[in-house]
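Structural characterization, general
Now for the letters of each chain:
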Amino acid sequence: MSKLGTIDIAGKDGHVYSFKVYEWGTKFNQVPGVYMVSRRSANGRTYSHEFIYVGETEDMSGRFSHHHRQKCFDAKRKNAICFHRCANADERLAIERNIRLKQDPPCNREAT
């Protein structure tokens, strides 16, 4: 599956990160980065995203085969993965936290 486009996602501190958007089910190479699971919807000629979950990983290739939040993803009708490549583990954690604090995705909440 190919890239659907790009999206800019803001963190709580105002920093904006560029993510590539892929269909759910895309097979990724073994690359590190920050990812957003989303519900992508068409609005005429544009698209919007309901952000469901933000996470980080050192290896996107196996991240979604048995994700611990899969039931929540399914309940929220996920259909896209937004990906920001980042090799540095500390930077990935900081980006994930920054976005989570701004976007407050429902599947990141403990009770979900």
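Refer to the structure printed above.
So, how was this worked out
Residues numbered from 1 in each chain as written. Predicted model: local features only at pLDDT ≥ 70, side-chain atom pairs only at ≥ 80, totals over all residues. Heavy atoms only, no water. Salt bridge = Lys/Arg side-chain N within 4 Å of Asp/Glu carboxyl O. Helix = DSSP H or I, 4+ residues; strand = E, 2+ residues; numbered from the N terminus. Buried < 20%, exposed > 50% of the residue type's maximum accessible area, 1.4 Å probe, protein only. Contact = heavy atoms within 4.5 Å. Polar contact = N/O pair within 3.5 Å; in protein donor to acceptor, adjacent residues only side chain to side chain. Disulfide = S-S within 2.5 Å. Phe/Tyr/Trp six-rings, centres within 6.5 Å; stacked < 30°, edge-to-face > 60°.

1. Concerning the pattern of salt bridges
- Tallied over the full model, the rule gives three salt bridges.
- A salt bridge links Glu 56 to Arg 92; the shortest N-O distance between them is 2.8 Å. Taken together, the residues Glu 56 in strand β4 (residues 46-57) and Arg 92 in helix α2 (residues 89-103) connect sequence positions 36 residues apart.
- Owing to a relative accessible area of 5%, Arg 92 belongs among the buried residues under this scheme.
- With a closest N to O distance of 3.2 Å, Asp 104 and Arg 109 form a salt bridge.
- By relative accessible area, which is 41% here, Asp 104 ends up partly exposed.

2. Quick word on the environment of Asn 98
- Relative to the helices and strands, Asn 98 is located in helix α2.
- Distance from Asn 98 to Lys 3, taken between C-alpha atoms, is 24 Å for residues 95 residues apart in sequence.
- Leave out the neighbours within four places in its chain, and Asn 98 touches Gly 11, Lys 12, Asp 13, His 15 and Tyr 17.
- Side-chain polar atoms of Asn 98 contact the backbone nitrogen of Lys 12, separated by 2.8 Å.

3. Topic: the state of the cysteines
- The tally for this structure, following the rule as stated, stands at one disulfide.
- Across a sulfur-sulfur distance of 1.9 Å, Cys 72 and Cys 107 are joined as a disulfide pair. Where Cys 72 bonds to Cys 107 through sulfur, the torsion about that S-S bond is close to -90°, and the disulfide is left-handed. With Cys 72 in helix α1 (residues 70-75) and Cys 107 in the segment after α2, this pair connects stretches of sequence that are 35 residues apart. Residues Cys 72 and Cys 107 agree in their burial class; the two are buried.
- Not engaged in a disulfide, the cysteine Cys 82 finds its nearest cysteine sulfur in Cys 107; these two sulfurs lie 14 Å apart.
- No disulfide involves Cys 86; its sulfur sits 16 Å from that of Cys 82, the nearest cysteine.

4. A short note on the packing of aromatic side chains
- Within this structure, the stated rule accounts for seven aromatic pairs.
- Between Tyr 22 and Phe 28 the ring centres are 5.2 Å apart and the planes differ by 80°, which places this aromatic pair in the edge-to-face class. Each member of the pair Tyr 22 and Phe 28 is classed as buried.
- Pairing Phe 28 with Phe 83 gives two aromatic rings, centres 5.8 Å apart and planes at 50°, and the pair type is tilted. Of the two residues, Phe 28 sits in the loop between β2 (16-23) and β3 (33-43) while Phe 83 sits in strand β5 (residues 80-85), which places them 55 residues apart along the sequence.

Interpretation note: all reported values are geometric properties and have no functional meaning in isolation.
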